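A look at the structure
What follows is the residue order along each chain.
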Amino acid sequence: MNDNLHTLRCFGCGARISGPEARSDFRCAQCGDLFEVEYAGWGHRQGPDRPNPGALKWLWRERRCSGEALDQSGVWRFRELLPILDNFGNAVSLHEGNTPLYELKQTARALGMDRLFAKHQGMNPTGSFKDTGMTAALSVARERGFKWVACASTGNTSAAMAAYAARAGLRSLVLIPEGKIAWGKLSQAMDYGAVTCQLETDFDGCVRVLSEIVNQAPIYLLNSVNPYRLEGQKTPAFEIAEALDWTVPDHLIVPGGNLANSSALGKGFRELRELGLVARVPKISVVQAEGANPLARSFLQNNGETMEPVSAQTRATAIRIGNPASWRKAAKAIRDTGGWCMDVSEAEIAIAKAEIGAEGLGCEPASAVTLAGLKKLCGDGKVAPTESVVLILTGHTLKDADYTIDFHRGTLLTEQESHGSEAAMNGLKRDAVVVEATPEAVLATLKGISG
Ligand code: F0G
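Scope of this entry: the structure provided in the associated data block. In this text the structure is predicted, and so the values were computed from the model without any measurement.

Digging into the site of the ligand
The local shell around the ligand holds 20 residues, among which Ser153, Thr154, Asn258, Leu259 and Thr394 are the closest. For the ligand, an oxygen atom lies 2.9 Å from a polar atom in the backbone of Asn261. In isolation the ligand exposes 480 Å². Once the protein is present, 98% of that is buried. Here the shell around the ligand is composed, by residue class, of eight nonpolar, ten polar and two charged.

With respect to the side chain of Thr337
The residue Thr337 is located in helix α11 (residues 327–337) in this model. A polar contact is formed between the side chain of Thr337 and the backbone nitrogen of Ile284, at a distance of 2.9 Å. In this view, Thr337 contacts Val281, Pro282, Lys283 and Ile284; residues no more than four positions away in its chain are not counted.

Let's talk about helix α1 (residues 53–63)
Among the residues of α1, Leu56, Trp60 and Arg63 are the ones counted as buried. Seen along its axis, α1 keeps its buried residues to an arc of 60°; they face one direction. Structurally, α1 contributes buried residues whose contacts are with α8 (235–243).

Brief notes about the pattern of salt bridges
Using the criterion set out here, one finds 25 salt bridges in the structure. Among the ionic pairs, Arg77 bridges to Glu242, the shortest N-O distance being 2.9 Å. With Arg77 in the loop between α1 and β4 (101–103) and Glu242 in helix α8, the pair connects residues that are 165 residues apart, well separated along the chain. Across this residue pair, the class does not change: Arg77 and Glu242 are buried. A salt bridge links Lys234 to Glu231, with the shortest nitrogen-to-oxygen separation between them at 2.6 Å. The exposure class of Lys234 is buried, given its relative accessible area of 0%.

Notes on the nonpolar core
Counting residues in hydrophobic clusters, the biggest one holds 79 residues, and the most contacted among them are Trp76, Ile84, Leu138, Val149, Leu252 and Leu272. Those residues in contact with Leu252, other than ones at most four positions away along the chain, are Ile240, Leu265, Phe269, Pro282, Lys283, Ile284, Ser285, Val390 and Ile392. Listed in part, the 40 residues of the second largest apolar core include Val287, Leu374, Leu377 and Tyr403.

Considering the packing of aromatic side chains
The relative placement of two aromatic rings is captured by the distance of their centres and the angle of their planes. Applying the stated rule across the entire model yields seven aromatic pairs. Aromatic side chains Trp60 and Trp246 sit 6.0 Å apart centroid to centroid with 40° between the ring planes, which places their arrangement in the tilted category. Of this pair, Trp60 sits in helix α1 while Trp246 sits in the loop between α8 and β10 (251–255), and the two are 186 residues apart along the sequence. According to the relative accessible area criterion, Trp60 is buried, its value standing at 0%. Ring centres 4.8 Å apart and planes at 45° place the aromatic pair Phe146 and Tyr220 in the tilted group. One end of the pair, Phe146, is in the loop between α3 (130–143) and β6 (148–152); the other, Tyr220, is in strand β9 (residues 219–221), and 74 residues separate them in sequence. In textbook terms, an aromatic cluster arises when at least three aromatic residues are bridged by ring pairs, as seen for Trp60, Phe78, Phe238 and Trp246.

A few points about the environment of Glu103
Looking at the secondary structure, you find Glu103 in strand β4. Among the residues examined, Glu103 registers a relative accessible area of 39% and is labelled partly exposed. Considered as a pair, Glu103 and Ile349 are 246 residues apart in the sequence and their alpha carbons are 20 Å apart. Residues in contact with Glu103, not counting those within four places in the same chain, are Asp114, Leu116 and Phe117.

Quick notes on the rules
- Residues numbered from 1 in each chain as written.
- Predicted model: local features only at pLDDT ≥ 70, side-chain atom pairs only at ≥ 80, totals over all residues.
- Heavy atoms only, no water.
- Near = heavy atom within 4 Å.
- Polar contact = N/O pair within 3.5 Å; in protein donor to acceptor, adjacent residues only side chain to side chain.
- Areas by Shrake-Rupley, 256 points an atom, 1.4 Å probe, with all protein chains shown as cover.
- Nonpolar A, V, L, I, M, F, W, Y, C, P; charged D, E, K, R; others polar.
- Helix = DSSP H or I, 4+ residues; strand = E, 2+ residues; numbered from the N terminus.
- Contact = heavy atoms within 4.5 Å.
- Buried < 20%, exposed > 50% of the residue type's maximum accessible area, 1.4 Å probe, protein only.
- Arc of directions from axis to C-beta.
- Salt bridge = Lys/Arg side-chain N within 4 Å of Asp/Glu carboxyl O.
- Core = buried A, V, L, I, M, F, W, Y, C linked by side-chain atoms within 4.5 Å.
- Phe/Tyr/Trp six-rings, centres within 6.5 Å; stacked < 30°, edge-to-face > 60°.

Put into structure tokens, the structure is as follows:
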């Protein structure tokens, strides 16, 4: 059975090619831009390849009760909207997706909002949103007969790739910036058996080295320039719409690093609307760290029309990226939906992360930029109290436990970074105390805590 319906369309010049024709660096041979997966049959309202909205909603819900491995994946459950494989039997799955949409009641109350949600993509098998993209793109690699896959990474992509490659019986090569990724992520790549090279450079340097390697050796590139990654990463949009009974939130807030995820979610909502499953799309806003903010700067200067790379610095290491590959795609998603792009400081990230932790959810620092950004949007009157907002939490709190411990011990930020935010941070710090091993000493400690 051939399930495959896709072509690749260049985001820059519009050139169309078939999937196997793509170059190994996934750049357009005509203009050098990136590709997007396109399903031609969906354009014709009565065409035979155009999915039927009512039937799809029913089918996707039924699959939640199915025992089939493919149906138990929150990505492949929606396979009618990602027909990228010749045979869905080639899919490599770890039961990714189907992540929770939590209400953030405390935070909503503090911000005077009615409805605030967190889509927790850290609840995926390897602890980040990368699993949804990896199941899609790695399945293509397997179907096309590759023996080796590779990525440059700030940590989460490499963890996901290593796990899915191991499941598929493929070998994987990871390039990471030496000393600049969280230990939890490095340990995953090692545990899942990747060949892990720490390069004496930053993420952007790792990307440069890898794009030359894939031109010289038959290794399949699994960075987010690979358009199949985004087909998997669009599926949380389907889950959000389904969870809200096929309505969409007013606003989606996404962290920005290499800038692929925001456009993937935008594509997901766009396709739902085009196929008649939802009536409209949410605004999509992207938040970057102040020290790694090339797109936020670009929006300030010229509404995201051109972008100057920066030398990136932030403790949110997942988004420590100065030259994001997919910035044009992200800029278009923001402009088309009427969202915003902004940056937030190290102190704002740390406070927001502790607040999400205090809701009993937790997330890694890069995910917390979403709440920090939302606070700014509310402060500027760009988000009204009656609007419904979904924050995309991209990674699990255990990915970077050092960051959390340093925050609660008060050693995370420099004086300069915390200047003006000391009171807010002190109110959130919960250092572990060393107490004599007696009931009296523990009870005395409890007495000392107010509230
Ligand atoms: N949040 C987390 C936890 C991430 O790991 C990343 C990216 C992002 C947000 C940004 O997403 O790149 O699509 O804008 N991490 C990549 C990696 C770069 O290698 O793991 P983006």
